[in-house]
Amino acid sequence: MPVPSPSATSRAVITGASSGIGMELARALAARGHSLILVARRGDVLEELAAELHRQHGVTVEVRAVDLSEPTSVEVLAAEFAGREISILCNNAGIATFGPVSELDADYERAQVLLNVNAVHDLTLAVLPQMVARRSGGILMVGSTAGNMPIPNNATYAATKAFVNTFSESLRGEVSGQGVHVTLLAPGPVRTQTPSADEASIVDKMVPDFLWHSSAKVAEMSLDALSHNKMRVVPGTLSKAMSVAGGYSPRAVVAPIVGGFYRKLGG
Ligand SMILES: NC(=O)c1ccc[n+]([C@@H]2O[C@H](COP(=O)([O-])OP(=O)(O)OC[C@H]3O[C@@H](n4cnc5c(N)ncnc54)[C@H](OP(=O)(O)O)[C@@H]3O)[C@@H](O)[C@H]2O)c1
């Protein structure tokens, strides 16, 4: 069964919809006729996007300005979603840190785990029973190629994305016979536009332009993969190479090589 068609009562949820891949997922889902619930902390950005998507596509767009690294806020949102008709959940919001864990802000590292892991788990648990009961639903998990391997100097992020990658592909095996699609997006470098020299981050400077994928293209690829219930979508040459390296190379060999590259990003 394909991912549910849009309806007046159902909603597709996108976390982290205020920028990047999440904003493009929202645009692509609205263009496909889905009414939405947009989640992120910056409510003003979400309201602006909601007005744009309603104007362009006539869909209903609700906004939830929520900090998903706050367990009590996630609890409230999860309770709401459990009682709504959620046809699609895009677990996209995520943050990353670079550098040795011992030198990073401990509170931010903890927040990273709460956002990248706990919120993904809680929101999935909230919507899964209704999807299984309806024998219809789609869950897009945004993991990363970083979740395929140990990455010194990106340790918390790599570990959180390992959770997302494994949770997604394990869950898919449980529910694929029950009409629920679960697809993992495991990208490498993705950005919305090429930054100017002034705006370029250390990651922009280190990864050549031809290896970047556009957020809009990644969003379209992901939704197509979700509708076909693909296990994993890996956009781009670098991501595919990282996936192969992470899947087939001994972890003790991969870790120092990748860690050396990420050490430079820690600056
Ligand atoms: N871009 C890449 O190269 C790449 C590669 C591999 C994987 N990924 C994964 O793809 C996903 C999206 O990445 P992106 O680069 O598109 O991200 P981004 O542009 O940095 O956007 C992150 C989104 O998450 C939201 N967010 C951050 N902290 C939050 C919090 N505490 N509560 C609620 N929302 C929060 C942000 O909104 P607010 O600031 O408004 O809260 C924003 O909408 C992430 O899971 C990332 O790990 C990205």
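Data block above holds the structure.
Before going into details, it helps to say that this report is about the structure given with it. (Residues numbered from 1 in each chain as written. Predicted model: local features only at pLDDT ≥ 70, side-chain atom pairs only at ≥ 80, totals over all residues. Heavy atoms only, no water.)

Description of the site of the ligand
Rule in force here: For each residue, the test is whether any non-hydrogen atom lies within 4 Å of the molecule or strand; if one does, the residue is near. Whenever a nitrogen or oxygen atom comes within 3.5 Å of another N or O atom, the pair is scored as a polar contact, on the condition that within protein one atom can donate a hydrogen and the other can accept it, and that pairs from neighbouring residues in sequence are kept only if both atoms are in side chains. Note on areas: Shrake-Rupley with a 1.4 Å probe; residue coverage comes only from the protein chains shown. Secondary structure elements are taken from DSSP: a helix is a run of H or I of four residues or more, a strand is a run of E of two residues or more, and numbering for both begins at the N terminus. Three categories are distinguished: nonpolar for Ala, Val, Leu, Ile, Met, Phe, Trp, Tyr, Cys and Pro, charged for Asp, Glu, Lys and Arg, and polar for the others, with Gly belonging to the last.
Around the ligand, a shell composed of 27 residues is seen, among which Ser18, Arg41, Asn92, Tyr157 and Val190 lie nearest. For the ligand, an oxygen atom lies 2.8 Å from a polar atom in the side chain of Ser19. Look at the ligand: alone it shows 890 Å² of surface, and the protein chains cover 83% of it. The set of elements that each furnish at least two residues to the shell around the ligand consists of α1 (20–31) and α5 (155–175). A breakdown of the residues in the shell around the ligand according to their chemical character gives 13 nonpolar, 10 polar and four charged.

Let's talk about the pairing of strand β5 (residues 137–142)
Defined as follows: Note on classification: 1.4 Å probe, protein chains only; a residue is buried when its accessible area is under 20% of the maximum for its type, exposed when over 50%, partly exposed between these limits. Seen with the strands pointing away from the viewer, any crossover whose path from the first strand over the helix to the second strand runs clockwise is right-handed. In this analysis, strands are considered paired if DSSP registers two or more bridges between them.
The buried count for β5 comes to six of six residues, which makes it a mostly enclosed element. The alternating pattern of β5 places Gly137, Ile139 and Met141 and Gly138, Leu140 and Val142 on opposite faces, both of which are buried. The parallel pair strand β4 (residues 86–91) and β5 is bridged by helix α4 (residues 106–134), and the resulting crossover is right-handed. Pairing of β5 with strand β6 (residues 180–185), which is carried by six bridges, proceeds in the parallel orientation. The partner of Met141 across the bridge, within β6, is Leu184.

Regarding the packing of aromatic side chains
Heads up, the condition is: Aromatic pairing here means that ring centres of Phe, Tyr or Trp (its six-membered ring) are within 6.5 Å. Orientation follows from the plane angle: under 30 degrees is stacked, over 60 is edge-to-face, and everything else is tilted.
With the rule as written, the count across this model stands at three aromatic pairs. Ring geometry for Phe98 and Tyr262: centres 6.1 Å apart, planes at 25°, overall stacked. With a gap of 164 residues between them, Phe98 in the loop between β4 and α4 and Tyr262 in helix α9 (residues 251–265) connect regions that are remote in the sequence. Taking the relative accessible area as the measure of exposure, Phe98 reaches 27% and is therefore partly exposed. Taking relative accessible area as the criterion, Tyr262 reaches 10% and is therefore assigned buried. Here the aromatic rings of Phe261 and Tyr262 are separated by 5.7 Å at their centres, their planes lie at 80°, and the arrangement is edge-to-face. An aromatic cluster of three or more residues is present, and its members are Phe98, Phe261 and Tyr262.

Considerations on the sheet that holds β6
In sheet architecture, strand pairing relies on hydrogen bonds along the backbone and comes in two forms, parallel and antiparallel. The strand order across the open sheet formed by seven strands is β3-β2-β1-β4-β5-β6-β9, and the pairing between neighbours is parallel. On the outer flanks of this sheet lie β3 (61–65) and β9 (232–233), each paired with one strand and no other. Strand direction decides the pairing type here: strand β1 (residues 11–15) and β4, joined by four bridges, are parallel. Looking at β4, one finds that Arg11 is bridged to Ile86.

Examining the pattern of salt bridges
Formally: By definition here, a salt bridge exists when the distance from a side-chain nitrogen of Lys or Arg to a carboxyl oxygen of Asp or Glu is within 4 Å.
Throughout the structure, instances matching the rule amount to 13 salt bridges. As a salt-bridge pair, Glu24 and Arg27 come within 3.0 Å of each other at their nearest N and O atoms. Taken together, the residues span about one helical turn, with Glu24 and Arg27 both in helix α1 at a distance of three residues. Judged by relative accessible area, Glu24 falls into the buried class, the value being 12%. Overall, Arg27 belongs to the partly exposed group, its relative accessible area being 27%.

So far we have only geometry, and geometry alone does not tell us how the molecule works.
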